[in-house]
Amino acid sequence: MTSTEEKATAAATGASATERFRTDKQHTADTSPERVSLLARELLEAVHGIIRKHDVTYPEYDALKAWLIQVGADGEWPLFLDVFVEHVVEEVASATREGSKGTIEGPFYAPGSPEFGAEATLPMRDGEPGTPLVFHGQVRAVDGTPLGGAEVDIWHCDDAGYYAQFAPGLPEWNLRGRITADADGRFRIHTIQPAPYQIPTDGATGALIRSAGWHAWRPAHLHMKVSAAGYQLITTQLYFPGDPHNDDDIASAVKPELMLDPRPAADGHGVDVEYDYVLDPA
Ligand code: DHB
Ligand code: FE
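Below: a short report on this structure. This structure is a prediction, so every number in the text was calculated from the model and none was measured. (Residues numbered from 1 in each chain as written. Chains lettered and ligands numbered in written order. Predicted model: local features only at pLDDT ≥ 70, side-chain atom pairs only at ≥ 80, totals over all residues. Heavy atoms only, no water.)

## Some points on the layout of surface pockets
Right, on to step 1. Taken as a whole, the largest pocket spans an internal volume of roughly 810 Å³.
Right, on to step 2. In this structure, the largest pocket is lined by 27 residues; those nearest its centre are Phe21, Lys25, Asp82, Glu86 and Glu105.
Right, on to step 3. Looking at the lining of the largest pocket, the elements with two or more residues in it are helix 2 (10–24), helix 5 (77–84), helix 6 (86–93) and strand 10 (234–239).
Right, on to step 4. Among the residues making up the lining of the largest pocket, the classes are represented as 12 nonpolar, 6 polar and 9 charged.
Right, on to step 5. Its boundaries defined by the atoms lining it, the second largest pocket holds a volume of some 500 Å³.
Right, on to step 6. Looking at the second largest pocket, the residues that line it are Leu43, Ala46, Val47, Ile50, Ile51, Val56, Glu60, Tyr61, Ala63, Leu64, Leu68 and Trp77.
Right, on to step 7. For the lining of the second largest pocket, the secondary-structure elements that each account for two or more residues are helix 3 (33–53) and helix 4 (58–73).
Right, on to step 8. For the lining of the second largest pocket, a count of residues per class yields 11 nonpolar, no polar and 1 charged. (1 Å grid on protein atoms, 1.4 Å probe; cavity = no way out; pocket = protein on both sides within 12 Å on 5 of 7 lines; lining within 4 Å. Points joined across faces, edges and corners; volume = space filled by probe spheres on them. Helix = DSSP H or I, 4+ residues; strand = E, 2+ residues; numbered from the N terminus. Nonpolar A, V, L, I, M, F, W, Y, C, P; charged D, E, K, R; others polar.)

## Description of the sheet that holds strand 5 (residues 176–180)
Right, on to step 1. The strand order across the open sheet formed by 5 strands is 1-5-4-9-10, and the pairing between neighbours is mixed. Looking at which strands have only one partner, the edges of the open sheet turn out to be strand 1 (115–116) and strand 10.
Right, on to step 2. Relative to strand 5, strand 4 (residues 151–155) is paired through 5 bridges, and the arrangement is antiparallel. Residue pairing in the sheet places aspartate 153 in a bridge with arginine 178 of strand 5. (Pairing = 2+ DSSP bridges.)

## Description of the site of ligand 1
Right, on to step 1. Residues in close proximity to ligand 1 total 13 residues, the closest being Leu79, Tyr163, Tyr197, Arg218 and His223.
Right, on to step 2. Here an oxygen atom of ligand 1 sits 3.0 Å away from a polar atom, N or O, in the side chain of tyrosine 197.
Right, on to step 3. Here an oxygen atom of ligand 1 and a side-chain polar atom of arginine 218 are 2.7 Å apart.
Right, on to step 4. Notes on ligand 1: free accessible area 290 Å², of which the protein chains cover 100%.
Right, on to step 5. Most atoms of ligand 1, that is more than half of them, are within 2 Å of grid points of the largest cavity.
Right, on to step 6. For the shell around ligand 1, the secondary-structure elements that each account for two or more residues are helix 5 and strand 9 (221–227).
Right, on to step 7. Taken together, the residues of the shell around ligand 1 sort by class into 8 nonpolar, 4 polar and 1 charged. (Near = heavy atom within 4 Å. Polar contact = N/O pair within 3.5 Å; in protein donor to acceptor, adjacent residues only side chain to side chain. Areas by Shrake-Rupley, 256 points an atom, 1.4 Å probe, with all protein chains shown as cover. Sits in = over half its atoms within 2 Å of the grid points.)

## Comments concerning empty space enclosed by the protein
Right, on to step 1. Scanning the model with the defined rule gives 1 cavity of 30 Å³ or more in all.
Right, on to step 2. Roughly 120 Å³ of internal volume is contained in the largest cavity.
Right, on to step 3. For the largest cavity, the lining is made up of 15 residues, of which Val83, Pro107, Phe108, Tyr197 and Arg218 are closest to its centre.
Right, on to step 4. Where the lining of the largest cavity is concerned, the elements lending two or more residues are helix 5 and strand 9.
Right, on to step 5. If you tally residues by element for the lining of the largest cavity, the top one is helix 5, at 3 residues.
Right, on to step 6. For the lining of the largest cavity, the residue count by class is 9 nonpolar, 4 polar and 2 charged.

## Thoughts on the coordination of the iron ion (ligand 2)
Right, on to step 1. Within the protein, Tyr163 (OH), His221 (NE2) and His223 (NE2) serve as the donor atoms for the iron ion (ligand 2), at 1.9 to 2.1 Å.
Right, on to step 2. In terms of primary sequence, the donors binding the iron ion (ligand 2) are separated according to Y-x57-H-x1-H. On the criterion of sequence distance, the pair formed by tyrosine 163 in the loop between strand 4 and strand 5 and histidine 221 in strand 9 is long-range, its members being 58 residues apart. Comparing tyrosine 163 with histidine 221 shows no difference in burial state: the two are buried. (Donors = N, O, S within 2.8 Å, 3.2 Å for Na, K, Ca; no water. Buried < 20%, exposed > 50% of the residue type's maximum accessible area, 1.4 Å probe, protein only.)

## Observations regarding the environment of alanine 216
Right, on to step 1. Considering the arrangement of structural elements, one finds alanine 216 in the loop between helix 7 (204–212) and strand 8 (217–218).
Right, on to step 2. Judged by relative accessible area, which is 3%, alanine 216 ranks as buried.
Right, on to step 3. For the pair alanine 216 and glutamine 198, spaced 18 residues apart in sequence, the C-alpha separation works out to 5.3 Å.
Right, on to step 4. Every residue in contact with alanine 216, bar those within four places of it in the chain, is listed here: Tyr197, Gln198, Ile199, Thr201, Ile209 and Ile250. (Contact = heavy atoms within 4.5 Å.)

## Considering the nonpolar core
Right, on to step 1. Membership of the largest hydrophobic core comes to 33 residues, with the highest contact counts inside it found for Phe135, Val139, Met224 and Tyr277.
Right, on to step 2. When contributions to this core are tallied by element, the ones reaching two or more residues are strand 3 (132–141), strand 4, strand 6 (186–192), strand 9, strand 10, strand 12 (271–274) and strand 13 (277–279).
Right, on to step 3. Here this core takes 4 residues from strand 3, the largest share from any one element.
Right, on to step 4. The residues contacting methionine 224, other than those within four sequence positions of it, are Phe135, Val152, Asp153, Ile154, Trp155, Ile234, Thr235, Thr236, Gln237, Leu238 and Tyr277.
Right, on to step 5. Core analysis: the second largest hydrophobic core is formed by 14 residues, Trp155, Cys157, Ala216 and Ile250 among them. (Core = buried A, V, L, I, M, F, W, Y, C linked by side-chain atoms within 4.5 Å.)

In structure tokens:
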């Protein structure tokens, strides 16, 4: 085991994700008391309905209480919610967009990564393990106009499934960067292929997954936020064909439009993938 594997516990990963959320996100919504009441009442009614339908017992109720307490103690709410709930929020939020498909952000985005020009190698360790990957494409508007100066803010895990800033022992910005497209909206990113990712199994979320007989895998993926002045930002991910978990992603975040078509790289080392983004006007 490497030192990263030894220390990437659910509690440590969860604590980092919780801290990140508190720092980066707005924690309030402009929601009226009527709407809060409606949403809270229907959520509770759904829970009451399940208890009646399945004759939930006192031991089961107490096991649920203990589990909810432990999710909080492990700091795992950002991980749990992004795996099991965020995909439906994204579906509703993006329903009227015409351009490229988005999908969940997940808990491991870090704003403010290093900035690069249109062709860049992501920050990585000397001899970073993994298959070299060249990822290139163009950012356009829905009417086909190339969006010069668009930004591709990319982040992904390493060849062992670990994200910088959420697993120990990795350089701060490993495999994270912001690429500014050229005047024709084109970009070219040199990196390595990410590994499939297993959500931490030693915390409360892992305990649920084990107790239910589920698996903890997400297929290998690249994350990115693509933006241009005057256009709607899209948060999305791209996937690799043939991954055993493309069809049963625990986070339900795979869409057919987000599947890459990797080709052998021209120089014979690793793979080359092309993907174009289409943004809706703001
Ligand atoms: C989680 C991790 C990811 O890498 C991701 O893309 C989505 C969710 C998680 O552990 O919750
Ligand atoms: Fe991820």
